[in-house]
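In case you want the letters, here they are:
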Amino acid sequence: CDDTPVQLEYYTDVLRSLAKKYAIKLELLTYSSGTELLFHYEEQKEFIDIIFLDIQMPGVDGIETAKKLREMGCKSEFIFLTVSKEHFLHAFDVRAFNYIIKNETSRTRFEEVFVRVIEAANEKEQEFILLTGGGAYRNVPVKRILYFEVQNRIITVYYDEEQFEFFSSIGKLENQLTPRGFLRVHRAYL
């Protein structure tokens, strides 16, 4: 997200080049203002792992954009990519992953930050949910869960080639997992 088209194009090319070098599947969405990013966030939020944000933009600046995204529940990694040095401390307020100064940060340093943020995003994708039932515990990777089924207050989680039964309410589970992309399609299935 940058209001300068030349910078937007330059860093898009750099990111594509690094993704190719490290064999990373990358889909880039570009925005020319914080307002535009905020407007489109709701439709894209499940797919945004990393947000590169300029700070000095007309209208809603990058820091304010990041604050509003966090208020909306955004868990993406933020990297501020800016010419501004004076907003560095504000980046901590929105839990920014890094702060890069344009035209001063070397390509090598940018690449190091890129590799680290990709690792952080991949770790986030490996979220787990701890389930307990019948004295047994299962730490199930959320991304591997196919669905949940409830019968007589016993919930069965189906994931990979396995299943596990535990006691809970489907409503409680629904509240916990809806932000992670789960949908209740029937009173007995999530």
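Residues numbered from 1 in each chain as written. Predicted model: local features only at pLDDT ≥ 70, side-chain atom pairs only at ≥ 80, totals over all residues. Heavy atoms only, no water.

A. The arrangement of the overall build of the chain in detail. The helix and strand inventory of the chain stands at six helices and eight strands. When the elements of the chain are put in sequence order from the N terminus, they spell out α-α-β-α-β-α-β-α-β-β-β-β-β-α. If one aligns the C-alpha atoms of the chain with their principal axes, the spans along those axes are about 60 × 35 × 25 Å. In the chain, buried positions account for 41% of the 190 residues. As presented, the chain carries roughly 11700 Å² of accessible surface, and 50% of it is formed by carbon and sulfur atoms. Across the chain, the mean location of the 24 positive side-chain charges is 4 Å away from that of the 30 negative side-chain charges. (Helix = DSSP H or I, 4+ residues; strand = E, 2+ residues; numbered from the N terminus. Buried < 20%, exposed > 50% of the residue type's maximum accessible area, 1.4 Å probe, protein only. Areas by Shrake-Rupley, 256 points an atom, 1.4 Å probe, with all protein chains shown as cover. Lys, Arg positive; Asp, Glu negative; His and termini not counted. Charge placed at Lys NZ, Arg CZ, Asp CG, Glu CD.)

B. Up close: the pattern of salt bridges. Summed over the entire model, instances satisfying the criterion amount to eight salt bridges. In this structure, the salt-bridge partner of arginine 144 is aspartate 160, at a minimum N-O distance of 3.6 Å. Here arginine 144 is found in the loop between β5 (136-141) and β6 (145-151), whereas its partner aspartate 160 is found in the loop between β7 (154-159) and β8 (162-167), with 16 residues between them in sequence. A salt bridge links arginine 184 to glutamate 174, with the shortest nitrogen-to-oxygen separation between them at 3.2 Å. (Salt bridge = Lys/Arg side-chain N within 4 Å of Asp/Glu carboxyl O.)

C. Summary view of unusual backbone geometry. For alanine 23, which is not glycine, the phi dihedral falls at a positive 55°. Along the chain, alanine 23 falls in the loop between α1 (5-21) and α2 (34-44). Alanine 23 gets classed as exposed once you look at its relative accessible area, which sits at 72%. Even without glycine at this site, aspartate 160 takes up a positive phi of about 45°.

D. Broad picture of the sheet that holds β7. Reading across the sheet, the three strands line up as β6-β7-β8 and stay open at both edges, with antiparallel pairing between neighbours. Of all the strands in the sheet, just β6 and β8 have a single pairing partner and so form its edges. When the angles between neighbouring strand axes are averaged without regard to direction, this sheet yields 20°. In the sheet, β7 pairs with β8 via six bridges, with the strands oriented antiparallel. Bridging from a neighbouring strand, valine 157 pairs with phenylalanine 164 of β8. Along the sheet, helix α6 (residues 170-177) makes contact with β6, β7 and β8, crossing β6 at roughly 160°. (Pairing = 2+ DSSP bridges. Axes fitted to C-alpha atoms, helices over the stretch in contact; angles between N-to-C directions. Contact = heavy atoms within 4.5 Å.)

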